[in-house]
Structures are given as C-alpha cells and as structure tokens.
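Residue strings, one per chain:
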Amino acid sequence: MRKIQMVDLQSQYQTIKDQVNNSLTEVLESAAFINGPQVQNFQKELETYLGVKHVIPCANGTDALQIAMMGLELKPGDEVITTDFTFAATVEVIGLLQLTPVLVDVEADTFNIDIAAVKNAITPKTKAIVPVHLFGQCANMEAIMEIAKEHNLYVIEDNAQGIGADYTFSNGEKKKSGTIGHVAATSFFPSKNLGCYGDGGAIFTNDDNLAHFIRGIVNHGMYERYHHDVVGVNSRLDSIQAAVLRAKLPLLDTYNTKRRHAAIKYNVALKDNPNIITPVLADRSELTEANNQHVFHQYTLRIINGRRDELVNHLNENGIPCGVYYPIPLHLQKAYTDSRYQEKDFEVTNTLVKEVISLPMHTELDDEQIDFITAQINSFIN
C-alpha cells in the first residue's frame, strides 16, 4: 500500500506534469510574470466555468475576502454576521477593516451557518452576511439571500472550500457556489480542490460596477498607471500560479468526482458504527459521484463517544494523518472574544470542536488506503 497522505499533491502532479511544465515554460520564456496572458486567460476560463460575469484574481483567499468587503464600502462599526465554526481568515478580515464581527452557531449535520441564528443576530447595524461553504458543501443560500433582501444586506460568499459545488434552488435552478451572493471570495491554496503551487485567490461577482471598483482595489487603486482613483492594495495572482491553475481547471469536475468517490467509500464503511456520524448532504439526498452539491474539500466525521482525541493519536500511530478542523471556536479565540457572546448561543459549535475529525481526502486516494483507514477507525471506535 502506498503511504497515506492527508493531501497527495506529488502524485497529482505526476498525472498533469506535462501540462503544468509546458505552461510554466511558457511563462518563463515570455517573462510576463505579472498580469500576463496566463492570468488573463485563466480569468476568462474560470468565468466560463462558473457562469459568472467577473472573476478578479488576487494574491490569496484572505485578500479576496478583505477586498470584497472593501469593494462594498462597508464602514467601521458595521456589523457582519458569519459563522463561529470556520478558519480565522473569515473573521480576521472583518477585524482588519474595523468592522464588527457577529459570530453565530452552525447546523449540527452540515456544519454550515444556522439560518435561525442569522435571523436572530440582525440589528440596525447589520450590513452583511458571510456564509462559508464549509468543507465543500454550500450553505443554505436561498434562505440567506431571502434574509438579505428583506433586510437590505450584502451577502459575501466565502467559497475557499467549495469551488465547483452546485447549489440547487427550490425551483430547480442550479448555480455554482460563489456565484449567488453579491460577491464571493475563494482561495487557490495548494491543498484546495483547485489549488496552485503557492498562494492565490480570486473574487467573483455579477455586478459590473462592483467588479470595476474591485479591479482598481487589487492594483493599488489604479485603473490607469500612476492614477490612483481609490484606496487600494497590492494583491495580484502571478502568472506562474495562473499557469498551474489553467492546467488544473479543466480537471476540476473530475477531481471533485474522485473526492466524492472516496467519500462514498468512507460512508459505506463507517455508516453502521453507532459512535460515528458520517457527512450528510444538505438536502438529504443520496451521495453519488454525480451529485455535485458537496465537493468534499474535507471529509469530516463526528466521533460521539468522547474518544476523538484518542482516535487522532491512534491514527497517527498507525501512519494515518488526520486533522481537527477546528479545535477552538472563533468566539473563544483571544483575538475575537467579546462580552456580547454567550455560551448558550454556541451549543452546536462547542460540541463539534470536541467531536470532529477530518480524514485524508484528495484526488489520489485509492480503495486500498480507504479500506485500511476505515478498518483502523472501526476497530478503535466500537
């Protein structure tokens, strides 16, 4: 059996080596390292894939979130509602812009932001909602957009973990994650479903005026060289990273299908264990390789008998990497503690941080590895 890795980018590279190397050579020979043809072509190709009018590449996913909020011209003190159960970047940029983060609880089964909690958190100061498509499954965007319309709020999708996922509305309409809200941000960190070989990110929007504003922000506030029309930042996707992403983008749906194949294998092997809760789809439909509503950036279990940490140690001792995403809720992080928060408002998150464990998940996982991983889990958690 091959060595089990949490993410196997080396094996993935071997399958696309020629495409990647040819693209990198093209960049090196052209010396168009910043805003070169590879960036421009990747932008257009991603717009076509997503069915969105505007993709604005930038330097990383955190920048993408910050720039999206800058583009909406949110003001210090404006309240932004987001989930307590996510990576810190989501709330970090809210603090950096001197906005007021309002953290709310999540759903116990999907791990995504709780709609009732969002409604309860709205005040006259609320200006935006940031749903996170956590672990690769879309948040309840139809309900979120209805709330936003009712209260005149912006919706900023954090799509760092969900690129390629489909969201189906109640009328049957489908849209790609990141194309539903007013603006969205994504990350191309190497381990993402669509990852480059360094840092990278992008902002998506269907709003022409917002897209124009953001294109200035990412480039020092310039639309014409040395004419600084708005306050901006320096956040650009470089051509080498764009070349890698262009090689991978045509394979994204294949990559996501492979992830779902692995998730199905995990589910089948673990579903009868009474101490384990396996991932579910938000609409409770059957998980199939063709059902694209969850793209499994992470495959995350709940261990409900109190032995999660023991399981982590057991897996590591047997050569199986795993992760706990996330061990500390944001409302208990030193940087984001606030007297407004009450523990009773975070019952689900406070439970999840003690139970969740993410197993190896990537495009190169094979059935032999999954069989070994699940056998170790079932033998230990019984």
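Up top you'll find the structure we're talking about.
Numbering of residues begins from 1 in every chain and follows the order in which that chain's sequence is written. This being a predicted model, a pLDDT of at least 70 is required before a residue's local features are given, and a value of 80 or more before pairs of side-chain atoms are given or counted; all residues contribute to the totals for chains, interfaces and linings. Only hydrogens and water are removed before side-chain values are computed, so all heavy atoms of the structure are retained for them.

Chemist: Teacher, can you tell me more about the overall build of the protein here?
Modeler: Secondary structure is summarised from DSSP: a helix means a run of H or I of at least four residues, a strand means a run of E of at least two, and numbering begins at the N terminus for each. Counting its secondary structure elements, the protein contains twelve helices and 14 strands. We take the radius of gyration over the C-alpha atoms and set the globule estimate at 2.2 Å times the residue count to the 0.38 power. Scaling as 2.2 N^0.38, a compact globule of 382 residues should have a C-alpha radius of gyration of about 21 Å, and the protein matches this with 21 Å. In terms of its C-alpha atoms, the protein occupies a principal-axis envelope of roughly 65 × 55 × 45 Å. Throughout this description, buried means an accessible area under 20% of the type-specific maximum (1.4 Å probe, protein chains only), exposed means over 50%, and partly exposed covers the range between. Here the protein, with 382 residues, has 55% of them falling under the buried criterion. Long-range contacts, defined as pairs at least 24 residues apart, comprise 73% of the intrachain contacts of the protein with a sequence gap of at least 6. Asp and Glu count as negative and Lys and Arg as positive, but His and the ends of the chain are not part of the count. In this description, the location of a charge corresponds to atom NZ of lysine, CZ of arginine, CG of aspartate or CD of glutamate. Taking the average place of the 32 positive charges on the side chains of the protein and the average place of its 47 negative ones, the gap between the two points comes to 1 Å. Note on contacts: a residue pair is in contact if any heavy atoms of the two residues lie within 4.5 Å.

Chemist: Looking at this structure, I do not really get the pattern of salt bridges. What am I missing?
Modeler: It is possible for side chains bearing opposite charge to pair when their charged atoms get close. Salt bridges are counted wherever a side-chain nitrogen of Lys or Arg sits within 4 Å of a carboxyl oxygen of Asp or Glu. For the structure on display, the rule yields 14 salt bridges. In this structure, the salt-bridge partner of Asp366 is Arg2, at a minimum N-O distance of 3.2 Å. You can see Asp366 sitting in the loop between strand 14 (356–359) and helix 12 (367–380) and its partner Arg2 sitting in the segment before helix 1 (9–30), a full 364 residues away along the chain. For Arg2, a relative accessible area of 35% translates into the label partly exposed. In this structure, the salt-bridge partner of Lys265 is Asp371, at a minimum N-O distance of 3.8 Å. Here Asp371 lies in helix 12 and Lys265 lies in helix 9 (residues 252–270), a separation of 106 residues in the sequence. Exposure remark for Lys265: the relative accessible area of 26% places this residue in the partly exposed category. You can call Asp371 partly exposed: its relative accessible area is 43%. Linked by salt bridges that have partners in common, Arg2, Asp8 and Asp366 make up one network.

Chemist: What should I look at first to understand the sheet that holds strand 3 (residues 100–104) in this one?
Modeler: By definition, the strands of a sheet pair up through backbone hydrogen bonds, in either a parallel or an antiparallel sense. One requirement defines pairing of two strands: DSSP has to find at least two bridges between them. The seven strands are arranged 1-9-8-5-4-2-3 in an open sheet whose pairing can be described as mixed. Since the sheet does not close on itself, it has two edges, and those belong to strand 1 (54–58) and strand 3, each with one partner. The average angle at which neighbouring strand axes cross in this sheet is 25 degrees, direction not considered. With five bridges connecting them, strand 1 and strand 9 (residues 201–205) associate as antiparallel partners. By the bridge assignment for strand 9, Cys58 is matched with Gly201. Only C-alpha atoms enter the line fits that serve as axes; for helices the fit covers just the stretch in contact. Angles between N-to-C directions range over 0 to 180 degrees. The strands touched by helix 4 (residues 89–96) within the sheet are strand 2 (79–83), strand 3, strand 4 (126–130) and strand 5 (154–158), with strand 3 carrying the most contacts at an inclination of about 155 degrees. Sheet strands in contact with helix 6 (residues 141–151) are strand 4 and strand 5, and its direction is about 150 degrees off that of strand 5.

Chemist: Is there a simple way to think about the environment of Ile113 in this case?
Modeler: Assignment of secondary structure puts Ile113 in the loop between strand 3 and helix 5 (115–121). Each C-alpha atom of the pair Ile113 and Leu103 lies 9.6 Å from the other, and the pair is ten residues apart in sequence. Leave out the neighbours within four places in its chain, and Ile113 touches Thr82, Thr83, Val104, Asp105, Val106, Glu107, Val118, Val130, Pro131, Ala139 and Ile144.

Chemist: What's the story with the packing of helix 3 (residues 61–71) against helix 4 in this structure? I'm lost.
Modeler: Packed helices, taken two at a time, are described by the angle between their axes plus the distance between the axes. Axis separation between helix 3 and helix 4 bottoms out at 9 Å; the angle between their running directions is 45 degrees. Of the possible angle classes, the one that applies to helix 3 and helix 4 is oblique. Along this stretch, helix 3 crosses helix 4, giving a crossing that reads as right-handed. Across the interface between the two elements, Thr62, Leu65, Gln66 and Met69 of helix 3 pack against Ala89, Thr90, Glu92, Val93, Ile94 and Leu96 of helix 4. Orientation categories follow fixed angle ranges, with anything under 35 degrees roughly parallel, anything over 145 roughly antiparallel, 65 to 115 roughly perpendicular, and all other angles oblique. Here a crossing is taken to be left-handed if its near helix is turned anticlockwise relative to the far helix by less than a right angle, and right-handed if that turn runs clockwise.

Chemist: Looking at this model, I keep getting lost on the packing of aromatic side chains. Mind explaining?
Modeler: How two aromatic rings sit relative to each other is given by the distance of their centres and the angle of their planes. The pairing test for Phe, Tyr and Trp rings, Trp by its six-membered ring, is centres within 6.5 Å, and the orientation test on the planes gives stacked under 30 degrees, edge-to-face over 60, and tilted for anything in between. Taken as a whole, this structure holds 13 aromatic pairs when the rule is applied. Ring centres of Phe42 and Phe188 lie 5.6 Å apart, and the angle between their planes is 75 degrees; on these two criteria the pair is classed as edge-to-face. In this pair, Phe42 is assigned in helix 2 (residues 37–50) and Phe188 in the loop between strand 8 (183–187) and strand 9, connecting sequence segments 146 residues apart. The residues Phe42 and Phe188 share a single accessibility class, namely buried. Seen from their ring centres, Phe85 and Phe135 are 6.3 Å apart, and the 90 degrees between their planes marks the pair as edge-to-face. Highlighted residues: Phe85 in the loop between strand 2 and helix 4 and Phe135 in the loop between strand 4 and helix 6, separated in sequence by 50 residues.

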